[in-house]
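Here's the letter readout for the chains.
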Amino acid sequence: MLVGVVILITYVLAILANILNIFFIIVDKRLHKPMYFLICNLAVVDILYASSSIPTMIGVLVAGINTISYVPCLFQMFTVHLGMVMEMLALSAMAFDRLIAVSYPFQYHSYLTNVRTFVLICILWVVACGFVARLLVRLVSLPHCSSKLQYTYCDYAAILRTTCVDLTHYFNMVSIVYFFIYFSTLILICLSYLYILFVVKLSSNNDKQKMGSTCLSHLMVVTGYYLPSFIRVILTRFGVVLTLEASHGIMIGTILGPTFLNPVVYCFRTKEIKCKIFNIFKKVAIS
């Protein structure tokens, strides 16, 4: 019960913080730039990712609701994996944005316009939806022998374990695709920042400080998502047997951790958004 209440409070704070981030970027025309559109997209992804599973966990832990219909379960599985894939693609797009900004500072706004950024975001959503939809189609066609889920929410692994088929083939297929997306995006991000470090070394002290401040926020966000996911992957692949409670704890940390961290980082590490928040508090204090 207590754990559920803590998760509920964290979830509400995370959603409110992401909504504020989106609101500030939409309202302030000075923030209508590629980098802030990508931050706004990440906030949308975070809201989707957390809302796909955390409310169900809260319902189980706080209210004792431990049943879900088949169709809503499939929809939840779709949104969970869509959020997971989009989180990686969104972070890769943001690393690419910082790479262009640092490598071509004078041509940046001509290379990466608002329209091109919007098109890039749409392409990422289409790719992610296509991948997850394929998983869903494969899953729907399988016969089911059980109606009991092992986890507190519906994901591919939980639903697959209710089927009557040999699980090895289906788990291996998804693992290969997931590892490809996970490590290809991580390698892209790492290579981008290695090149950025190389460029920073050749820059003046003022440029170093500006680039470092801009990129540090993104590196914190990347670490916040990939580190818990990496720990979960390593534990799973090396056959470490976890209790159901420990497994749920890692899942919650993987989903809720980045959702809470991302808006906090961008609110207090991004100068324009931070100034806007401080101005609001000043007005409230004066009134």
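Residues numbered from 1 in each chain as written. Predicted model: local features only at pLDDT ≥ 70, side-chain atom pairs only at ≥ 80, totals over all residues. Heavy atoms only, no water.

Before going further, it helps to examine the overall build of the protein chain. Tallying secondary structure elements over the protein chain gives 10 helices and 0 strands in all. Excluding contacts between residues fewer than 6 apart, the proportion of contacts in the protein chain whose partners are at least 24 apart in sequence is 76%. Working note: accessible area of the protein chain is about 15400 Å², and carbon and sulfur atoms make up 72% of it. (Helix = DSSP H or I, 4+ residues; strand = E, 2+ residues; numbered from the N terminus. Contact = heavy atoms within 4.5 Å. Areas by Shrake-Rupley, 256 points an atom, 1.4 Å probe, with all protein chains shown as cover.)

What follows is about the pattern of salt bridges. Pairing between side chains becomes possible if they bear opposite charge and their charged atoms approach one another. Counted under the stated rule, the structure contains 2 salt bridges. We note a salt bridge from arginine 30 to aspartate 28, for which the minimum N-O separation is 3.0 Å. Look at arginine 30 and you get exposed, because its relative accessible area is 62%. The salt bridge partner of arginine 98 is aspartate 97, with a shortest N-O separation of 2.7 Å. On the accessibility criterion, arginine 98 (10% relative accessible area) is buried. (Salt bridge = Lys/Arg side-chain N within 4 Å of Asp/Glu carboxyl O. Buried < 20%, exposed > 50% of the residue type's maximum accessible area, 1.4 Å probe, protein only.)

Helix length check: helix α3 (residues 70-103), at 34 residues, gives a terminal C-alpha distance of 49 Å against a target of 50 Å (1.5 Å per residue), a fit within 8%. The element α3 is largely enclosed, with a buried count of 28 among its 34 residues. (Expected span 1.5 Å × (residues − 1).)

Our focus in this paragraph is the side chain of aspartate 155. Summarising the element assignment, aspartate 155 is placed in the loop between α5 (114-140) and α6 (156-160). You can call aspartate 155 buried: its relative accessible area is 5%. Engagement of the side chain of aspartate 155 in a polar contact is seen with the backbone nitrogen of alanine 158, the distance being 2.9 Å. In this view, aspartate 155 contacts Met77, Val80, His81 and Arg232; residues no more than four positions away in its chain are not counted. (Polar contact = N/O pair within 3.5 Å; in protein donor to acceptor, adjacent residues only side chain to side chain.)

Here we come to the environment of threonine 223. Structurally, threonine 223 can be placed in helix α8 (residues 205-237). Residue threonine 223 is classed as partly exposed on the basis of its relative accessible area of 45%. In this structure, the C-alpha to C-alpha distance between threonine 223 and proline 258, residues 35 residues apart in sequence, is 8.9 Å.

Relative orientation of the contacting elements α5 and helix α7 (residues 167-201) amounts to 175°, with a least axis distance of 13 Å. Here α5 lies roughly antiparallel to α7, going by the angle between them. For the pair formed by α5 and α7, the contact residues are Phe131, Leu135 and Arg138 on the first element and His169, Tyr170, Met173, Val174, Val177 and Ile181 on the second. Taken together, the residues of the contact of α5 with α7 break down into 7 nonpolar, 1 polar and 1 charged. (Axes fitted to C-alpha atoms, helices over the stretch in contact; angles between N-to-C directions. Parallel < 35°, antiparallel > 145°, perpendicular 65-115°, else oblique. Nonpolar A, V, L, I, M, F, W, Y, C, P; charged D, E, K, R; others polar.)

Our focus in this paragraph is the packing of aromatic side chains. One pass over the structure, following the stated rule, counts 9 aromatic pairs. With a centroid separation of 5.8 Å and 35° between ring planes, the pair formed by tyrosine 178 and tyrosine 182 is classed as tilted. In this pair, tyrosine 178 and tyrosine 182 both sit in helix α7, 4 residues apart, roughly one turn of the helix. One exposure class covers both tyrosine 178 and tyrosine 182, and it is buried. Pairing tyrosine 182 with phenylalanine 183 gives two aromatic rings, centres 5.0 Å apart and planes at 75°, and the pair type is edge-to-face. Ring pairing ties together the aromatic residues Tyr178, Phe179, Tyr182, Phe183, Tyr225 and Tyr226, which thus form one cluster. (Phe/Tyr/Trp six-rings, centres within 6.5 Å; stacked < 30°, edge-to-face > 60°.)

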